[in-house]
Each structure stands twice: as C-alpha cells, then as structure tokens.
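Structural features, examined
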Amino acid sequence: MSCQKLLLCEVHSLSRRFPSVQNIRKFSSKRCNGNRRFKLVVIGGGAGGCSIAAKFAKTIGPKSIAVIEPSDVHYYQPMWTLVGGGMKSLADSGRPMSSVLPSSIEWVKDQATEIKPSKHTVVVGTGSSKQEIQYDYLVIAVGIQLQYEKIKGLPQAFNSPGVCSNYSSLYVNKTLQALKDFNKGNAVFTFPNTPVKCAGAPQKILYIADQFLRKNGKRDNAKLIYNTSLGVLFGVKHYADSLWNVVKSRDISVNLRRNLVEVNARNKTAIFEDLDNAGKLETVSYEMLHVTPPMGAYDLIKKNSEDIPDAAGFVDVNKGTLQHVRHPNVFAIGDCANLPTAKTAAAVAGENGILFRNLTNVMNGKEPELIYDGYTSCPLVTGYDKCILAEFDYNGQPLETFPIDQSKERRSMFLMKKDVMPEIYWNLMLKGNWNGPAPFRKLFAPFK
Ligand code: FAD
Ligand code: UQ1
C-alpha cells in the first residue's frame, strides 16, 4: 500500500476512535461568503495554535476566535521517535483536528496564503476560493517546513526499502520496517545543515536502532554511522558529555560537519559534503538510511507576508515577550518564531503562558509584562527503556525539573517521555492548561 493510502486509513480509523466535537463551526473558504472579522485569529492548529486558542477561548470567548488550519489530523509529533522504534503506532500519535480545537471556535479549514499586517488581514486559499479574514490580534503558529526536496534523489528514494524518516507521517512507518529488514551493512543517520525542530530526534533513533539490532542479534553485522552537520554532538555540553559516553560505549561512528546532499537509491549510496572542506564529497553506502530533512521557514512567512519575517524568514518577535517587533497586535509561538532556543513542543509549553498574559495585556491597552527565558526540553531517548532528559534555557544553562542528575540515562525519564508526556499534551497542554514544568522545578528546588 502506498504511504498516502496508509495515511488515509489512519485518518478514518482516528475519526472512529475520536469523534469530532460537534459544535466547532467549520467553514472552507468556498463556503464562507464575504470577509470575516475576529478579535483573535490564530494561524496553525498544531501544538502552539491549539494551546493558545484554548487559553483565549476561556477568556474572550470561543466565538471571537478563528483558527486557520488545513489539516484533518493533529499529530503529537514527539511520539514519532517511538513510532519509528516500534514502541507506539502512528495512529497513537494522531487525533482528528476537530477533536483538539476548542469547541465553538471558527475553524477555517484552509491554508493561510498571505498576511497583510498593515490591513490586519490574513488571506486564505488561492484562486477563486481566496478569502480575507480580518483580525484585531493575530497569533502565528505555523511551525517549520520540511524540505526533503532539497536533497537530490529525495523524496523519490523513500519509495525504496531502507530509506526512512521519523520526521514525516508519510515515512515514519518505514523506520521500523527498515530495522526489521536490516541484515548487514551500514545504518546511516543524518542531521541537516539548517535549523531543525527537536534537535535531539536525529540521534534518538540512532540509539534506538543500536538497541533494536542488539536485541535481534544483528548488531555485530552493522556499522552505525551518525553524520551531522553540526560541529558538536549536542548543543549543551552538560548533555553532550553523556551522549559521547553513550556513543563510545555502543561503538557508534560519529562524523561532525557532514551534510547529506544526495541519495542514490539504485546503488544504495548517500553523498555527504564536508562542511569544513568546500567541494569535498564523501560517498557512504547504506543498508538503512534515516534522513532528518533540511527545514526552513514557510513561504507564507518568508515570501508572502510583508514585514512579518526577519532576514532568515522566521517571524520577527521579541525573544522575551513574543510580540512582533514592528506590529504590536501580532505575536508568534513555536517553531515559526525566530526565538533563539531549540524548537520543541516543550518550548511551546514554556511560551504559551507568556504569550497569553502578554497578549491579554495588549488587548487591555497595557504593555507586555512576562519574559520568556528560552525554556526548552529534549527527552533524549537512548533505547527501549532509557532516556536523558535535557532541559535548558536561552543561554544553554541546564534548567532541570527533577532533583536528580538528568544527564544520566534513566528508566524513569523514559517512562515519563513514553507514558506521561502524551497525557500531559492531549489532556492539559492542548486544552490550555500546561505552561511547562516550572512549578514542579520550584517545588523540587529544596531537594536539589
Ligand atoms: P506544529 O505543531 O508543527 O504545528 C503547525 C501547524 O500549522 C500544523 O498543524 C500545520 O498544518 C499548520 N500550518 C502550516 N502552514 C500553514 C498555513 N499556511 N496555514 C494554516 N496552517 C498552517 N518536541 C518536544 O518537546 N519533545 C520531543 O521529544 C520532540 N520530539 C520530536 C520528534 C520528532 C520526530 C519531531 C518531528 C518533532 C519533535 N518535537 C519534540 C518537536 C515538536 O513536535 C514541535 O516543536 C512542535 O510541534 C512545534 O509546535 P508548533 O505549533 O510550532 O508547530
Ligand atoms: C514538556 O513540557 C513538553 O510539552 C508538552 C514536552 O513535549 C512533548 C516534553 O517533551 C517535555 C520533556 C516537557 C517538559 C515536562 C516535564 C514534566 C519535564
């Protein structure tokens, strides 16, 4: 069955398990006659968009809010690492969008195609179905775009066995299959030369693969290679030191400053550029290839929204208040914002309480008051029962929740990642009731 067909089956089975919330008013741009105006418009119904819409639904009322979001399914993407390793299914990670958007808001089930901040307007759809939605206040939460096509030979190579990627619902199921099919040779894992979401995920699957192959008696026939564009294994030394120990003890080869530029599925080779020697290419043969794609700002922000992006194309916000630096009625949250922290759902949790309070202030004619410290977290899963829980701030300083050494591999942190975090996400965060673990950090502080 093709990847697309598999995905359609998943959507149908999800709709049976999680019936839609009936009183969401949903309109496609075709059915919406004339322009519409809302007090708050949110672009994107992912982690950031849902949690912000849920918070404001409780204060300004759901009928004042429109969420623009084209997808039928909302995925809890942090679970895809576990899906790739066979610990959860893709269906476990998704719910119908209608079941996670707050009830009674207006769901504009279409793509935003332009933002006109001088006119307080978002354009949705294209051609004859184009519509304009007006806002008093705007929150941009569109995430970051995957760019597999920037690598020569992709995405076509995903049609061949052994080539997989946990970063997309289309390809994540291929990861477990590649592990099951593996007999002998190189298993190669990549990290691109661009900003990414969850910078730990490219190496989590490396460690899971190592454990999978050991369990199945195939590790002796495998060479595990992690080729990363970065000059470090992980950006925060406190955790990088532990990860180097994991790499050494598991006999994994790490090559820094290597960027995947081409996949040749016919002869099963991957070509990397050496970022420290311009023009130097290296060809690596693979039996299994896990690709973390290049990523970048969406064209909506980068090209089609005058005065919204910074030079790199991400939404240009104040890194403390999350307010746009030139348009005070515009805020951004999550992966699309130019915040200099690691892009994660945990960061979104740290941001959403700040954004909510600051935008509420602005709605009431006051100045933003809360300042985001860059809190982010990356549960670095290192196997089927182990995890290093990295938590840090804008300065790369550890900002740990629990009164234990979190740089150690622990089963408790693995269980938190696998079983507790999804519950927090679906039942608290998307409902506007999770602003990250800061209260627990304060509670545990005396025991540190
Ligand atoms: P998203 O959740 O991606 O939502 C963006 C939404 O905007 C989408 O629904 C999209 O359809 C919509 N959209 C896009 N363009 C438009 C448009 N033009 N108009 C309207 N809507 C649009 N984070 C962690 O905290 N911990 C982890 O362990 C972790 N592991 C991860 C593992 C993997 C494999 C991946 C892929 C991600 C992982 N993350 C993890 C990162 C986390 O999923 C993201 O950082 C988080 O989802 C960002 O939230 P967001 O709202 O900014 O973007
Ligand atoms: C978190 O708050 C969060 O957002 C829901 C995640 O995203 C899935 C995380 O992965 C983590 C680790 C946190 C932080 C939460 C705790 C309890 C440390």
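The written sequence of each chain sets the order in which its residues are numbered from 1. Here chains are named by letter from A upward and ligands by number from 1 upward, in the order in which they appear as written. It should be noted that, the model being predicted, local features are given only for residues of pLDDT at least 70 and side-chain atom pairs only at 80 or more, the latter also being counted only at that level, while totals for whole chains, interfaces and linings use all residues. Heavy atoms from the whole structure form the basis of all side-chain values; hydrogens and water molecules are not counted.

Observations regarding the pairing of strand β14 (residues 253-256)
Here, strands pair whenever DSSP counts at least two bridges between them. Helix and strand labels come from DSSP, where a helix needs a run of H or I of at least four residues and a strand needs a run of E of at least two; each type is numbered from the N terminus. Here strand β13 (residues 222-228) pairs with β14 via 4 bridges, running parallel. The residue of β14 that forms the bridge with I225 is S253. Look down the strands so they point away from you; if going from the first strand over the helix to the second traces a clockwise path, that crossover is right-handed. At this point the chain moves from β13, through helix α7 (residues 237-249), to the parallel β14, and the crossover so formed is right-handed.

Considerations on the site of ligand 1
A molecule or strand has a residue near it when one of that residue's heavy atoms lies within 4 Å. Not every one of the 34 residues close to ligand 1 is listed here, only the nearest: G48, E69, D335, A345 and A346. Whenever a nitrogen or oxygen atom comes within 3.5 Å of another N or O atom, the pair is scored as a polar contact, on the condition that within protein one atom can donate a hydrogen and the other can accept it, and that pairs from neighbouring residues in sequence are kept only if both atoms are in side chains. Note that an oxygen atom of ligand 1 is positioned 3.0 Å from one of the side-chain N or O atoms of K204. Between A345 and ligand 1, the recorded distance is 2.9 Å, taken from a backbone N or O atom to an oxygen atom. All accessible-area figures derive from a Shrake-Rupley calculation using a 1.4 Å probe, and residue coverage is judged against the displayed protein chains alone. Relative to its unbound accessible area of 1000 Å², ligand 1 is 93% covered by the protein chains. No other element matches helix α9 (residues 345-363), which puts 3 residues into the shell around ligand 1. Polar here means any residue outside two lists: the nonpolar Ala, Val, Leu, Ile, Met, Phe, Trp, Tyr, Cys and Pro, and the charged Asp, Glu, Lys and Arg; Gly therefore counts as polar. Of the residues that constitute the shell around ligand 1, the class distribution is 17 nonpolar, 12 polar and 5 charged.

Remarks on the UniProt feature "domain: FAD/NAD(P)-binding" (unreviewed entry) in the protein
Listed under "domain: FAD/NAD(P)-binding" (unreviewed entry) in the UniProt record, and renumbered for this structure, are residues 38-158. For the annotated span residues 38-158, helix accounts for 18% and strand for 33% of the residues, and the straight-line distance between the end C-alpha atoms is 42 Å. UniProt positions are given in the numbering used here, feature names are shortened, and annotations may be inferred rather than shown by experiment.

Considering the site of ligand 2
Near ligand 2 lie 16 residues; those nearest to it are Y76, S377, M421, M429 and W434. A distance of 2.9 Å separates an oxygen atom of ligand 2 from a polar atom in the side chain of W434. Relative to its unbound accessible area of 440 Å², ligand 2 is 96% covered by the protein chains. Secondary structure elements with two or more residues in the shell around ligand 2: α9, β21 (376-381), β22 (387-392) and α10 (411-429). Counted by class, the shell around ligand 2 contains 13 nonpolar, 2 polar and 1 charged residues.

Digging into α10
Values of bend correspond, residue by residue, to the angle between axes fitted over the seven residues ending at that residue and the seven starting there. Bending of α10 peaks at approximately 40° at the position of V420, with proline P422 no more than four residues after it. The buried label applies to any residue whose accessible area, calculated with a 1.4 Å probe on protein chains only, is under 20% of its type's maximum; exposed applies above 50%, and partly exposed to all values in between. Among the residues of α10, M413, F414, M416, K417, P422, I424, Y425, W426 and M429 are the ones counted as buried.

Here we look at empty space enclosed by the protein
Lining residues are those with an atom within 4 Å of a point, where the points come from a 1 Å grid over the protein atoms alone and group into cavities, where a 1.4 Å probe fits but cannot get out, or pockets, open sets with protein on both sides within 12 Å along at least five of seven lines. Grid points are joined across faces, edges and corners, and a volume is the space filled by probe spheres set on the points. Counting across every chain of the model gives 1 cavity of 30 Å³ or more. Taken together, G334, D335, A337, L339, T341, A342, K343, T344, A347, V348 and E351 form the lining of the largest cavity. Grouping the constituent residues of the lining of the largest cavity by class yields 5 nonpolar, 3 polar and 3 charged.

Description of the sheet that holds strand β15 (residues 258-264)
Taken in spatial order, the 3 strands of this open sheet run β15-β16-β17, and their pairing is antiparallel. Because the sheet does not close on itself, it has two edges, and the strands there are β15 and β17 (281-285). The mean inter-strand angle of the sheet, taken between neighbouring strand axes irrespective of direction, is 30°. Pairing of β15 with strand β16 (residues 269-274) involves 6 bridges; the strand directions are antiparallel. Bridging from a neighbouring strand, N259 pairs with E273 of β16. For every element, the axis is a line fit to its C-alpha atoms; helices are fit only across the contacting stretch, and the angle between N-to-C directions ranges from 0 to 180 degrees.

A short note on the layout of surface pockets
Space inside the second largest pocket adds up to approximately 430 Å³. Lining the second largest pocket are 29 residues, and of these A199, T341, A342, K343 and F392 sit closest to its centre. With 3 residues, β21 is the largest single contributor of residues to the lining of the second largest pocket.

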